[in-house]
Structures are given as C-alpha cells and as structure tokens.
Amino acid sequence: MPSEKKPVEPIALSDSFLEELAVVLSAQARLVETVSVRLDEAEAALSQTGENRRDILELERDLAEIEASADLLCDGDVDDFEAIEIESLYAEIDARFESTSCRWQYRSWRTFVNEAAAQNVSAEGTIAPPLEALLSDEDLEQLRNSDYDAQFRWDPWDYGVVGVAGVLAALTDFLLVKIPQDIAVGEFAGQTGSPITAWLKQYNTSDKEQQDWFAQFARWCEKTCKTPYDGFRSADGKPFPGMSPHTHRFQTLGHAPILGLIFGIIDLCRGTITGFKYDIGSGTHTPFIGRPAANGERVGVFTAFLKQVGHMLSDVCTPSGLPAPLMQLFQFLNVGEIEINGEKRTLAKLARWMDYNGFDLRHFLTSSISVAVVELVVRGYAMIRYFLKHGEVEFPGAGDPKLRSMLLTAHGIACLGNAGKIVLYQGNPLAINLAEWMALSKYAVSHTKYVLFERHRLRMEHLERLTAAEWDRLEENMRSISAVVCDQSAELIELGTEQQ
C-alpha cells in the first residue's frame, strides 16, 4: 500500500536567511540578464549568416588562388601577416564567454551564497542587489506609478501651462495694471496710470449727482455710521500730528480693509482712535491710542460691527478711498533711505507717499487682475485634466501639493515680470503689484509648511494605503501556495545543510 502523505511543516525564514536569499536571487538575475544579452547578440550575428557565407566563399576562392601561386611569393610579401593576432582574437572571445558562463556546484548553502556574492562583486562591484535586478519592467513601472511623488510629478503640459500663466499675468500687469494714476511732475513725470483704476475712481458716492441705489446707501451710511477714528483732533482740542482729510484714513487702523475689522470695532467699543502720529520734522511715524473730540461714545460689539461695515462702505468710493490692504503696517518701519524727487524717505514715508499718489484699495483691486489670470489658467487647466482622467468635474483646491507648486511657480514668474516692470518704470514704487507679491507669499508659506511638516506624514499615509491591500493579497497567495505544496508528495530539502 502506498505510504500516506505527511504534512509539510512550514519553514520559518529568518532575516539573515532572507538576506542570503536576496544575494542568490540577485546573482541569478544578473546571470539570466547576461545570457539574454548574449543570445540577442548571437541572434543578430546569425541573422547575417547568408552574407557571411558569401564572404567566406570569396575568401576561399582568394585563398585557393594564393595557394595556386604560392611559388611566386617571396618572404617580403607576408611580413605584415601576424598569425598570433588571430589566436589572440579567439582567446579574447573565448574568455569573454567563459567569464559569463560560470557553473555553480551546490556543496552547501553557505558556499552557494559565497559563490553568488562573489559573482555579484565581479559583475556589479556590490553585494547588495538593487531592487531592479529582481523585478520585471512591468513591476518597475507599476512601482514608479504608485510612488507618492509620482502623483505630483510634472509633465511637459504642466510646464507649458505654468509658463503661459506667468507670462500672461506679467503682460496684464504691464499693459493694464501699470501705476495708480498719471504723473505730471517729478522724476517720474510722463508715466501714465492704469485705465482700469481710472475707470474705478470715476465713480464717486460723495457726488450728489450720483443717484443710484449704492450711492444713496453710501451717503446714508456716512451720516449714520459715525466713528471715533474719523476725527482729526483729540479730546483736549489739539490736532493729531500729521492728520488731514486726505491722510487720516492711512494713519488710522480703523480704515484698514482687513485690520479695520479688528481695530475699528475695538475703537468703536472703547470710543478711541488707534493709529499712527506723523512728525513732519523728523519724518517718523509713532503708534498711539487717543480719545477724539467727537463721536467718542461707546457701543456694543454687534452695533460696532454694523457701524464698521457701514463706515467702510461709505468711504470706499470717495476721492480718497480706502488704503490698500496691510499698507498701513509699513508705518512701523522708520528705516531705510529711498530717494524720490530729491528727498530721502524711510519705508514708512514711502508707504505714505504711495497712498498719497493713489495707491489705494481700488488700485489694489486692479492689480488683482494679474492674480486672477494665474488662478484661472492654472486651476482651469487642472480641472480639465481631472475631467479627462476621471470623467467628472472637480474644482481643485490649493491643498493639493502639485497644484500648489504650479501656482507658486506661476506667481513667481509673474512677480519676476513685475520686477522687470519696476525697472522699466525707472524704479517707481507705484509700479509694485502688491496683490501679486501677496499671492506669492501666501503660496510660498503654505508650500514651505508642507515640505517641512506635512510631506513625510502624507507619504507614510500613502504607503499605508498601498501596502494594506497588497499585504492582504500576499497573505492570501502564500496560503494558496502552501496549500498546493503541502498537497504534493515531494522530497524535502532542508536548506542550510550539506548535500551528499
């Protein structure tokens, strides 16, 4: 009766054994690759056998003629013939194939591993096998496509779109944004302002001839939403230094488009004025908190919010307008020497001069056109690519690292264009595109945060998502293979022992 099959015990594979197995597999992979290359060479050589046969026949005929007239040859006719060169050529070819056709005899696992390691050293100069030696081209391609950085890799279309977006934004800045207004005197005389900013400033809600609903609403807000930071004099009747009807909005933080929602509400709740004093003699700006002579009554937070919004709406479309966002913070910087029209100015005085020459919120909106060009081109392209790949429309968010890097690069190109524009405008600070530089700073900060703090965590999460499913598949395959192997009768070979 046939003997019953004994169950096969699974072999526990240690880390050291896996390392040795990797060395052996690497050597075998290199050997197979070398043999494959030699076979290709042989196939290429054999494909020319017909031509070689004709050459051999011609040589045989030539040799027969030489042998027939051997009596006519003298010693000098064969002085250049070196028979040893043919022998050396055969020896070289034989050695080449001898080095690649090594035979390993299995005496023990240890000697087998040592021979494989020696073969690796002689072939590649390293014992540690690269992963590519053990994988097929399809496996390598799949690994490259599933890599975390592969989803953020740019292709030629990405580079082209980013370049086009940046150049278009730079052209928009130069042709449409320009500077806030025409300059007739000084070292920048003759430079023309932006037609869009001029069109925006034509609308004046303080003009009684404007009878549309917004102009009437703005004038109503002007009467209703009185604020303490709109005064020029303190409670003791002394004027605040440097303030005038044209400059008080730049000097008070309550009039700031962004900071006003903080400091303006605080001033309304406390009945104070927060801003900067300007000393004409020294040219310095000094922060201060004072109590105005009028409109100093205190109100609640909700009322303060409504008054703040109403007061901003009443001022936005007046001749003086509202300051550009964050421009008032430059009043802290009483440093630097920038000469304009023969006068040296600090950064604080430069910001004051720019506001006085029309660099306000409306021109900031005009300069935002360049930012909009970059955003529309790059985000529209990303949306189209997503639709072509997935068949559905999705508006991409700037949280995607690839999109963020594309936006950062496009805005960087636009800012380089703005730097060139400033040079063409003879260094005129009014040519600065504040909105574009703010957009670049925003994406630079967020991308730096991603590189320093988020990229490693996101890469680990990506690997966990990939390996979770693959480990399940691997375990299932291992169970299937073990079941097949254990179900067959075969002689067991214990690795690591010498074979007789």
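Structural data are supplied above this passage.
Now for a description of the structure that goes with this document.

Calculation criteria
- Residues numbered from 1 in each chain as written.
- Predicted model: local features only at pLDDT ≥ 70, side-chain atom pairs only at ≥ 80, totals over all residues.
- Heavy atoms only, no water.
- Buried < 20%, exposed > 50% of the residue type's maximum accessible area, 1.4 Å probe, protein only.
- Helix = DSSP H or I, 4+ residues; strand = E, 2+ residues; numbered from the N terminus.
- Pairing = 2+ DSSP bridges.
- Patch = residues over 30% accessible without salt bridge, like charges linked within 9 Å, V, L, I, M, F, W, Y side chains within 5 Å.
- Areas by Shrake-Rupley, 256 points an atom, 1.4 Å probe, with all protein chains shown as cover.
- Salt bridge = Lys/Arg side-chain N within 4 Å of Asp/Glu carboxyl O.
- Phe/Tyr/Trp six-rings, centres within 6.5 Å; stacked < 30°, edge-to-face > 60°.
- Lys NZ or Arg CZ within 6 Å of the ring centre and 35° of its normal.
- Contact = heavy atoms within 4.5 Å.
- Polar contact = N/O pair within 3.5 Å; in protein donor to acceptor, adjacent residues only side chain to side chain.

Examining the pairing of strand E1 (residues 273–279)
Here's step 1: Counted residue by residue, E1 has 5 buried out of 7 residues, so it is predominantly covered.
Here's step 2: From the end of E1 to the start of strand E2 (residues 284–290), which pair antiparallel, there are 4 residues, and Gly-283 there has a positive phi angle of about 70°.

Details of a nonpolar patch on the surface
Here's step 1: Together, Trp-213, Phe-217, Trp-220, Leu-261, Ile-262, Ile-266, Phe-302, Phe-305, Leu-306, Val-309 and Leu-313 line one region of the surface with nonpolar side chains, adding up to about 1,100 Å² of accessible area.
Here's step 2: Of all elements in the fold, only helix H8 (213–224), helix H10 (260–270) and helix H11 (301–316) reach the threshold of two or more residues within the nonpolar patch.
Here's step 3: Along the chain, the position of Trp-213 falls in helix H8.
Here's step 4: Judged by relative accessible area, Trp-213 falls into the exposed class, the value being 69%.

Remarks on the packing of aromatic side chains
Here's step 1: Scanning the model with the defined rule gives 8 aromatic pairs in all.
Here's step 2: Between Tyr-203 and Phe-214 the ring centres are 6.4 Å apart and the planes differ by 35°, which places this aromatic pair in the tilted class. Residue Tyr-203 is found in the loop between helix H7 (195–201) and H8, and its partner Phe-214 is found in helix H8; the two are separated by 11 residues along the sequence.
Here's step 3: Exposure remark for Tyr-203: the relative accessible area of 23% places this residue in the partly exposed category.
Here's step 4: With a centroid separation of 5.2 Å and 40° between ring planes, the pair formed by Phe-240 and Phe-288 is classed as tilted. Taken together, the residues span a long stretch of sequence, with Phe-240 in the loop between H8 and helix H9 (248–251) and Phe-288 in strand E2 at a distance of 48 residues. You'll find Phe-240 and Phe-288 in the same group, each marked buried.
Here's step 5: Positioned over the ring face of Tyr-278 is Arg-352, at 4.0 Å from the centre of the ring.

What to know about the environment of Ser-234
Here's step 1: Counting through the fold element by element, Ser-234 comes out in the loop between H8 and H9.
Here's step 2: For Ser-234, a relative accessible area of 13% gives the class buried.
Here's step 3: Put simply, Ser-234 and Arg-291 are 57 residues apart on the chain and 5.7 Å apart in space, counted from C-alpha to C-alpha.
Here's step 4: If sequence neighbours within four positions are ignored, Ser-234 has contacts with Phe-240, Arg-291, Pro-292 and Ala-293.

Section: the side chain of Asp-173
Here's step 1: On the secondary structure map, Asp-173 appears in helix H6 (residues 156–177).
Here's step 2: Assessed through its relative accessible area of 2%, Asp-173 is described here as buried.
Here's step 3: Within the local environment of Asp-173, its side chain forms a polar contact with the side chain of Asn-433, the two groups lying 3.2 Å apart.
Here's step 4: Leave out the neighbours within four places in its chain, and Asp-173 touches Lys-178, Ser-370, Asn-418, Lys-421 and Asn-433.

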